[in-house]
Amino acid sequence: MYRYKCIVAYDGYNYMGFQIQNDLNTIELQLKQALYKMLALDIKIYPSGRTDRYVHAINQVFHFDLEKNIPTMGILRGLNSYLPKDIRIKSVELVDESFHSRFSAKSKEYRYYVYQGSDNPFIMRYALVLRNLNIDKMQEAIKLFEGKHDFKGFASASIDPRKDTNKTIFHTEINLKGDFIEFIFIGSGFLKYQIRRMMGLLIEIGLGRETKDKIVEVLQKKDPSISHKVCDGYGLYLYNVNY
């Protein structure tokens, strides 16, 4: 058996997330269809994680197994020839069978972008458009997410109650890049809606509607209903998966 590790980038705006959902248009569906067209086989793929509707990826990772050894460049070129232009395979490599896209990952990095510039119709699919945020207050608040916490209060309310909601965030950062504010989150893993809920509260803090103490309250009470809205997915990017 031969295991192939692939890195894929995609514009998530036209898709209902990564995971296959019946006949809905998803990234996983497009990947499986491309593999079938290329190999005439129904290949199971294993992603490093799932992204939500509208969420983009710079370096998403997935792997799959084949009984036949096919050159990696042939896999890359073949997949890209069958995939839509907003999904691109960036690299393919043969890896040991001990490698697993999800379970071998040591950390994941997500970035969220807020646009503060003048009206621009080409931005709205790729960043949250919002102005007059207090960066200093958000800089102080974002650091409260670092460390190991139970993030149940920042997860989807429909999350499986058996799921471990304890996660470790190693590093957070806010950068000003021209008209954009870049929010960086690096952690052991993230729950469904976790970053988007954290961003929702950070935005409220930046607008002066909440204080950083609200983050502590949500972490302590573990209640998603008090963690404010879920920020739009189109500002979020799976930036990197570290092994």
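Everything discussed here concerns the structure shown above.
All residue numbers here refer to positions counted from 1 along the written sequence of the relevant chain. Two thresholds apply to this predicted model, a pLDDT of at least 70 for residue-level local features and 80 or more for giving and counting side-chain atom pairs, whereas whole-chain, interface and lining totals are computed over all residues. Side-chain calculation: all heavy atoms of the structure are included, whereas hydrogens and water are not.

Participant: Go over helix H3 (residues 135-142), please, and point to the residues and values.
Facilitator: Whether a residue is buried, partly exposed or exposed follows from its accessible area with a 1.4 Å probe, protein chains only, as a fraction of its type maximum: under 20%, in between, or over 50%, in that order. Under the scheme used here, helices are H or I runs from DSSP no shorter than 4 residues and strands are E runs no shorter than 2 residues, and both carry numbers assigned from the N terminus. Considered for burial, the residues of H3 that qualify are Ile-135, Met-138, Ala-141 and Ile-142. Each buried residue of H3 lies within a common arc of 125° when the element is viewed along its axis, so the set occupies one face. As for H3, its buried residues are in contact with strand S8 (166-177), strand S9 (180-187), helix H4 (194-206) and helix H5 (213-221). Think of a polar contact as two N or O atoms within 3.5 Å of one another; within protein, one of them needs to be a possible hydrogen donor and the other a possible acceptor, and neighboring residues in sequence only count if both atoms come from side chains. Residue Asn-134 occupies the N-cap position of H3, its side-chain oxygen lying 3.1 Å from the main-chain nitrogen of Asp-136. As used here, the arc is the angular range of directions from the helix axis to the C-beta atoms. Contacts were defined at the residue level, with two residues in contact if any of their heavy atoms lie within 4.5 Å.

Participant: Any chance you could break down the nonpolar core for me, citing the residues and the numbers?
Facilitator: Among buried residues, those of type Ala, Val, Leu, Ile, Met, Phe, Trp, Tyr and Cys that are joined through side-chain atoms within 4.5 Å constitute a nonpolar core. Core analysis: the largest hydrophobic core is formed by 66 residues, its most contacted members being Phe-64, Phe-145, Phe-183, Phe-185 and Met-199. The element that contributes the greatest number of residues to this core is H4, accounting for 7 residues. Look past the residues within four positions of Met-199 in its chain and what remains in contact with it is Tyr-112, Val-114, Phe-183, Phe-185 and Cys-231. Counting 5 residues, the second largest nonpolar core, distinct from the first, contains Tyr-113, Tyr-115, Ile-123 and Ala-127.

Participant: Give me the lowdown on unusual backbone geometry, citing residues and values where you can.
Facilitator: Positive phi, normally seen in glycine, also occurs at Asn-22, with a value near 50°. Mapped onto the fold, Asn-22 is located in the loop between strand S1 (2-10) and helix H1 (27-39). The phi dihedral of His-228 falls on the positive side, at around 75°, and the residue is not glycine. The residue His-228 is located in the loop between H5 and strand S10 (236-242) in this model. For His-228, a relative accessible area of 26% gives the class partly exposed.

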